[in-house]
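So you can see what is in the structure, the chains are spelled out below.
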Amino acid sequence: MAGYPQETFLNVKLAPDSFLEKKRRTASAASLKQQLGFLKITGRYEAFKLKWLPVYDEPPAIWPIGSWLFWDSDIGKWLEGACYFLHTDYDAEVDAAVQELTDMLSNAQHDDGYLNLHYSIVEPTSNRFTNIRDFCELYNAGHLLEGALAHEHYYKNDKLLGPMIRYVDLMIKTFGPSEDQLHAYPGHSELEMALLRLYERTHDKRHFELAKYFITERGNPKGTDGRHYYDWEADKRGDDPNARPYFYPERTPSNWYYSASVPLIDMQTVEGHSVRPMYLLTAVADMVRIDKANTPDLQKAIVRLWEDMVSTKMYVTGGIGAMPQYEGFGIPYFLPQGTDEGGCYAETCAAIGIMMMVERVLQYDLDGSFTDIMELAFYNAVLTAISTDGRKYTYVNQLASSHVNPAERSEWFRCACCPPNIMRTLAIIGGYLYSQPASTEAGVKHIAVHLYSSSTLGFTAADHPSTLTQSTDWPWSGDVEFKLDTSCKAVSISLRIPQWASDWSIEPPPPSKEVTKGYMTLPAEYLASNPNFTLKIKLDIRILTSHPFVNTDTITVARGPIIYCAEDFDNPWVNDHFKSLQLDPDAMVTERAVKDPSTGEEYVALDVHRGASVLPVKSLKAAPSIPWKTLAKAAADTEVIEVLHMVPYYFRSNRGGKGMARTGIRRWIR
């Protein structure tokens, strides 16, 4: 059985004063209704009444994609998050909105089960499934289906899941290997993972088989009439091969943009739009979990693409996507920090996709190298995307601001995928903390702890109700106190030991401190005698740098899982977005506990003492080169900054200021 966080979050009670509970509670109290308001203001809320809206007359801002094409998914994600919050934080207004949306969706469904805004209003229904590649019918269906699964879980009825299963029945008839079916697959993956979750709920093998078909057919170079399906489909539509969609990096076909250049098992590098492969690989990992014996090539593909991404295409924050034009991956080691350096996108949804993918992998492979990246992405690339008050967001998460793109937040976006995505993620964040993998010892209940936060997990061991409680101030403190409360003597616990941890210990000492693939397992015998124990992980200040092939010679400051940045609010002297700032990697850095007076946010700030300076760039003129000794002398002789203040990257753009922030800072050669 799967342990999807969309369901297991109900087994985890986050402590009221914990870091994660504060973020979850803010999303519930502020983000949920604020987003509902924007759904209503923008026309999304009542769109499924299928009446013409002025926005449908507007030309596409990003040709050929009309701004309404993703509205179905915005509704689906908000519904999903709302249903999760109704479990824990009931609100009558939210309840009423969910039920009204459910009725509108049900009433908008076609007689044969079809359900989509664009092909019900803007284009004739007869045109449906003619642009699978770009118009996101199947992506939208996936988010509506996930919303329906959450709805059924809360309301215990099929008012929304029933109509969505009818839509899936239509897809089963429409897509597949038969001659009378379309040999297609989603242009933007999402439906695949929704179908696999549906299969776990219904046990209807057809739902698994449709997801499997979408995954394995993807990228088939001879899918239809001996041609790639997207190319065949484009010719059938009569597309002009010289009319390049805005987001294409090159002339058509650009099937690699969709992670569909070749079949997944043959793909050597992660490519294209950064969200698409993360959602696809989430589904692939879930398929491996369900059918591990028959998917060795897919397992290898997951590892191969993951390693390529982490080692050559991931930012130090865990963000992915260097190319703003197509919101995707660049060439290996191309990781500019900001617009004036040539790129950086790091979309919020892509980082959330990393979390989802890792969670699925951990269901069948307890590997801390994946979990470390999940934690990195969450605390930095994901959490930075929502303001501390839960009312403003970022879509793009650059590591350095610029005059063209200052560090700032918005209440909403024309393409609004990110706000409801982070809201639904925070709603179920407790589900990411633990899993219950199969034990290697017969009769032993095995609990794996992936993330640390004050919380209580409820579980059953040998029919005995049991709990595992954490008490900690993570991510600011590395001390985690555990209490196992069970009458069962056969419980083992695996604790993740982060790869970055220079020193760690467990009290009382266990019989062995062996770490296997990033996890240290406490055996049942130890826990029977020591149900209360403490894990202590030293949270060192760490100085990080990118791979030499990135060719930036910058350093980044980190503490525990938190990445830090310099921001103008604390360093008001800056006027160039810290572009000329230099940082000595051997500088003295001290910690300081802070409670910000304007936001109430509590965090650990870092201060660099006489270890930073500003390179006098105005005195340096390239013609076209600069003698090395001239540069070195200028760098060494500049005035030292007494104290450079640094804050967590996720906390940027919360206190006002000039919109200047930077993560990777030029290495100072003194």
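The residue numbers shown here count from 1 along each chain, following its written sequence. Local features in this predicted model are restricted to residues of pLDDT 70 or higher, and side-chain atom pairs are both shown and tallied only at a pLDDT of 80 or more, whereas totals for entire chains, interfaces and linings draw on every residue. For side-chain calculations, the full set of non-hydrogen atoms in the structure is used, while hydrogens and water are omitted.

The name given to the protein in an unreviewed UniProt entry is Non-reducing end beta-L-arabinofuranosidase, with the source organism recorded as Friedmanniomyces endolithicus.

> Please set out the overall build of the protein residue by residue, giving values where relevant.
Strands here are runs of E lasting at least two residues and helices are runs of H or I lasting at least four, both read from the DSSP assignment and numbered beginning at the N terminus. For the protein, the count of helices and strands is 17 helices and 20 strands. Each radius of gyration is computed over the set of C-alpha atoms, and the globule rule expresses the reference value as 2.2 Å times the number of residues to the power 0.38. Expected size for 670 residues packed as a compact globule is a radius of gyration near 26 Å; at 25 Å, the protein falls within 12% of this value. Judged by the C-alpha coordinates and their principal axes, the protein covers about 75 × 70 × 50 Å. Note on classification: 1.4 Å probe, protein chains only; a residue is buried when its accessible area is under 20% of the maximum for its type, exposed when over 50%, partly exposed between these limits. Here the protein, with 670 residues, has 61% of them falling under the buried criterion. Accessible surface is estimated by sampling points in the Shrake-Rupley manner with a 1.4 Å probe; for residues, cover comes only from the protein chains shown. Element-wise, carbon and sulfur atoms account for 52% of the exposed surface of the protein, whose accessible area totals about 25,800 Å². Lys and Arg are tallied as positive, Asp and Glu as negative. Neither His nor the chain termini are counted. To locate a charge, take atom NZ for lysine, CZ for arginine, CG for aspartate or CD for glutamate. Across the protein, the mean location of the 66 positive side-chain charges is 3 Å away from that of the 84 negative side-chain charges.

> Tell me about the pairing of strand 3 (residues 445-449), residues and numbers included.
On any regular strand, side chains alternate: one points to one face of the sheet, the next to the other face. Extensive coverage of strand 3 is indicated by the burial of 4 of its 5 residues. Here, any two strands with at least 2 DSSP bridges between them count as paired. Relative to strand 3, strand 2 (residues 434-435) runs antiparallel, the two being bridged by 2 bridges. When the sheet's bridge partners are listed, Tyr434 is paired in strand 3 with Val449. With 5 bridges connecting them, strand 3 and strand 7 (residues 491-496) associate as parallel partners. Of the residues in strand 7, the one forming a bridge with Lys445 is Val491.

> So what's going on with the nonpolar core? Residues and values would help.
Grouped together as the largest cluster of nonpolar side chains are 220 residues, with contacts concentrated most on Trp78, Phe175, Ile354, Leu495 and Leu535. No other element matches the 11 residues that helix 13 (residues 348-362) contributes to this core. Any pair of residues with heavy atoms lying within 4.5 Å of one another is described as a contacting pair. If sequence neighbours within four positions are ignored, Ile354 has contacts with Met278, Trp306, Met309, Met314, Gly318, Ile320, Ile373 and Ala377. Nonpolar core, defined: a set of buried Ala, Val, Leu, Ile, Met, Phe, Trp, Tyr and Cys residues in which side-chain atoms within 4.5 Å join the residues together. One finds Leu620, Ala634, Ala635 and Trp668 within the second-largest nonpolar core, a separate group that totals 5 residues.

> Lay out the packing of helix 2 (residues 19-41) against helix 4 (residues 92-108) with the relevant residues and their values.
Axis geometry follows a simple rule: fit a line to the C-alpha atoms, using only the stretch in contact for helices, then measure angles between N-to-C directions, giving values from 0 to 180 degrees. At their nearest, the axes of helix 2 and helix 4 sit 11 Å apart, and the two run at 45° to each other. Considering their axes alone, helix 2 and helix 4 lie oblique with respect to each other. Crossing of helix 2 against helix 4: the hand is left-handed. Contacts between helix 2 and helix 4 pair Leu32, Lys33 and Leu36 from the former with Glu93, Val94 and Ala97 from the latter. Following the grouping adopted for this structure description, the nonpolar residues are Ala, Val, Leu, Ile, Met, Phe, Trp, Tyr, Cys and Pro, the charged ones are Asp, Glu, Lys and Arg, and the polar ones are all others, Gly among them. Per-class residue counts for the contact of helix 2 with helix 4 are 4 nonpolar, no polar and 2 charged. An angle below 35 degrees is treated as roughly parallel, one above 145 as roughly antiparallel, one from 65 to 115 as roughly perpendicular, and anything else as oblique. Each crossing gets its handedness from the near helix: less than a right angle anticlockwise from the far helix is left-handed, clockwise is right-handed.

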